[in-house]
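Breakdown of the fold
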Amino acid sequence: MYEMVQAVLNSEQKTDLEQLVNALSTSGKNYFLRNEILQTFADYCHQSEKPAYFFHSSSLGQLINYTHEIILEDDQIWFLVRPKIASQQAWRFARDLSTWEQEDQKVLLDVRDRLVNSYQPRILELDFAPFYQNSPEVSDARNIGQGLAVLHRSLHSQITTNPTYWIEALWEVLQRHQYDDIPLLINEQIKSGTELLEQVKQALNLIAERPSEEPYEKFHAELQALGFEPGWGNTASRVRETFALLQRLIDTPDPAILEAFVARIPAVFRVVLISIHGWVGQEEVLGRPETAGQVVYVLNQARNLENRLAEEIKQAGLECLGIKPQVIILTRLIPNCEGTKCNLRLEKLAGTENAWILRVPFREFNPKVTQNWIRKFEIWPYLETFALDSEQELLKEMGGKPNLIIGNYSDGNLVAFLLASRLGVTQCNIAHSLEKPKYLFSNLYWQDLEEEYHFSAQFTADLISMNAADFIITSSFQEIVGTPDTIGQYESYNCFTMPHLYHVVNGANLFSPKFNVLVPGVDEKFFFPYNQSENRSSEQSKKIKELLFTSEDSQVLGHLENPDKRPIFALAPINSIKNLAGLAECFGMSKELQERCNLILVTSKLHSYEATNPEEAREIERLHEIIHQYQLHGCIRWLGMRLPNAELGEVYRLIADAQGIFVHFARFEAFGMTILEAMISGLPTFATQFGGALEIIQDGESGFLINPTDLPGTAEKIINFLDRCAENPQYWQEVSEKAIQRVRNEFNWQSHTTKLLSIAKISQFWNYVSRNSKGTLLRYLEAIFFLIYKPRAEIILEQHQKH
């Protein structure tokens, strides 16, 4: 990077940089982000008649394309440069470009504070780097998110470096395994690692000639006499394989053998999934609009976890002990449940034997508030007491401590931290979507946004939980570190300022093995291909088809003058991020799209008076204004109603019957469950390039990536697709089939839950073998919780009580 800067300032390009800075200065602003910088530079190159290569390939072009922020001060210019993913640098230039030097990135925090007149010479600084100093790390940024592999390699290194210690540590790990005081794997007869190795050899000799399918119960007593308890397998062949893996692991350690052996260890029986702020229910409940995707994810994960745990318990030979998996979704009980079952303490999860939704009420601070649903930005004052109350409810319901606690979203992750730290169990975090990068300058101007969003509590909660977690699951690589052009969600937490509150330096260690990319799947009970006609109901199809295209209903706006035109379909909650108004405007600006297509929108609401917050009301009103402005009444249908999954799946398929397309027009999307649902249904899908779709869709093959900020460009991309369909009648089917196969091959819940449990087990294994103590880190996090988070949450409570 130094050579690049030097090449710019020691050449004629220095003048070009001066002109670029002058062009930025004429805007009257001092703070510029990447898109503004690139556009200004492109305009300068055009006006100066620079050759085509100059924008990208000149030294200045490369510098500007790596630049994500420019801040202009009276006597200096600051560049935040990102030469590669997960690597940011701060460069300071004299205003006349006579001098330059690289600075520690945290210096920019003071610069940003000065920019908003909030500079303080001394401010609290949060730094988590010391807690990761002795931990393994990903060596190559391209491998971020593959934490499981890193831990395997680290354990393998320990084995080969100190085999004697390893054997003893392995014995200690196996000796600790139990279920409610029932010993598993080995008993007190085996008193050391050396004895373990000898007894494994004897056990292998004992079962060497037994029939493969002989049940474990038949030779249980003989193994027990050697010091082995249940857990090695349910048949002779399974037990032989497990013992052979252990022997190979001790004799010739290898990461693949280690992974296979640890995956077989029965270490997880009770799992708690925490999802608090949505309406967590089944069938017709499935969350509020802002949480529906999360609730679907959690329900599917719970069902598949129970199935996987049951299979692992069976294969380990533990059914003979009466051990069964227990999976609980912990959520909030809502007394005013609006006809749903969200006021029931306990609800069985359909399609499972022992998975339940456990609802715990918020403590009664203010009945007017806690009787009702609370939007996700207002929930922070209730979480500490919710965690304390939930601990007792969980222990009572499960009959013992869980082995794994999985938090969902910022609030669920904070409660996971509070529960896991008290109970001493493994904690997993799943953010789904971090709010900080979604709202521009949300940390810098947090004080202006505090009354509506309370970001000071939320961002502090995020910092606490992501550093407390034993492992973090993300749905995509870019969720962690973004792309070459965009900063990742977790990356945005690494170094930032909350003026007058604190500075964060080293807030998220992106190279930590705690990060694991683990894609979700689709519930194919409801979402399956349109051409799978044997699973479709003709009666349901007729009902939904009329609703989509022709029938009149108080919850439907608009009529279609020509219902046979190819439909463009979008499904999303109404908010500025999901950007349905932007899609309507894109459609309205293109006469050709209106001539060739109808636009069909499905949301949960139709009118602003139904909105639950000001942002939602503004977006509904904007959508109505766009429909009126572009006179779309004859080519748009807007369904403002909640549809159960069974009907929603049929909506996708009916759009596919009409050879329509699905458009996901969000300004940003962490992953996008609706993208998977549309693709598995067979719909060619156009999805935002900003977020997880980059790792779902192979652009031009299994779908198409679009830029929702470029309305004409998006319309042109859809029109090009329509043209290809007109030229080649098979083209729509080709893309449709590739979309279906892409989801089926790469996104399924079976592989998700198998790997999730493997990560949980290896995390437990690593923490013990490496003697990894979180005690100091937890004390640091508790200080942040009580000294920063809790006072901010109490302010929110005071506001609630005033209202």
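Reference entry: report on the structure contained in this document. (Residues numbered from 1 in each chain as written. Predicted model: local features only at pLDDT ≥ 70, side-chain atom pairs only at ≥ 80, totals over all residues. Heavy atoms only, no water.)

Some points on the packing of aromatic side chains
Each aromatic ring pair is described using two quantities: the centre-to-centre distance and the angle formed by the ring planes. The full count for this structure, using the stated rule, is 39 aromatic pairs. Considering the side-chain rings of Phe-527 and Tyr-652, the 5.9 Å spacing of their centres and the 70° angle between planes classify their relative orientation as edge-to-face. A residue pair is termed long-range when its members are at least 10 positions apart, and Phe-527 in the loop between strand 18 (515-517) and helix 20 (538-549) and Tyr-652 in helix 24 (residues 645-657) qualify at 125 residues. Among the residues examined, Phe-527 registers a relative accessible area of 1% and is labelled buried. In this structure Tyr-652 comes out as buried when scored by relative accessible area, which is 0%. Cluster of aromatic residues (ring-pair linked, three or more members): Phe-377, Tyr-439, Tyr-453, Phe-455, Phe-459, Tyr-493 and Phe-496. Note that Lys-50 overlies the ring of Phe-54, its terminal NZ or CZ placed 4.9 Å from the centroid. (Phe/Tyr/Trp six-rings, centres within 6.5 Å; stacked < 30°, edge-to-face > 60°. Helix = DSSP H or I, 4+ residues; strand = E, 2+ residues; numbered from the N terminus. Buried < 20%, exposed > 50% of the residue type's maximum accessible area, 1.4 Å probe, protein only. Lys NZ or Arg CZ within 6 Å of the ring centre and 35° of its normal.)

Some details on the sheet that holds strand 6 (residues 125-127)
Each strand in a sheet pairs with its neighbour through backbone hydrogen bonds, running either in the same direction (parallel) or in the opposite one (antiparallel). Pairing is mixed across the open sheet formed by 3 strands, whose spatial order is 6-17-16. On the outer flanks of this sheet lie strand 6 and strand 16 (495-498), each paired with one strand and no other. For this sheet the average axis-to-axis angle between neighbouring strands, irrespective of direction, equals 15°. Where strand 16 and strand 17 (residues 502-505) come together, 4 bridges link them in antiparallel fashion. Paired with Cys-495 across the two strands is Val-505, which belongs to strand 17. Here helix 18 (residues 455-468) sits on the sheet and contacts strand 6, strand 16 and strand 17; the angle it forms with strand 17, its principal contact strand, is near 30°. (Pairing = 2+ DSSP bridges. Axes fitted to C-alpha atoms, helices over the stretch in contact; angles between N-to-C directions. Contact = heavy atoms within 4.5 Å.)

A word on the nonpolar core
One finds Leu-174, Phe-228, Trp-232, Phe-243, Phe-569, Phe-721 and Phe-765 to be the most contacted residues of the largest nonpolar core, which totals 159 residues. Sorting elements by how many residues they give to this core places helix 29 (residues 749-769) first, with 9 residues. Among all residues touching Phe-228, those that are not within four sequence positions of it are Leu-185, Ile-186, Asn-187, Ile-190, Leu-196, Gln-199, Val-200, Ala-203, Leu-223 and Phe-243. Counting 74 residues, the second-largest nonpolar core is a separate cluster that includes Ile-374, Leu-394, Leu-414 and Tyr-789. (Core = buried A, V, L, I, M, F, W, Y, C linked by side-chain atoms within 4.5 Å.)

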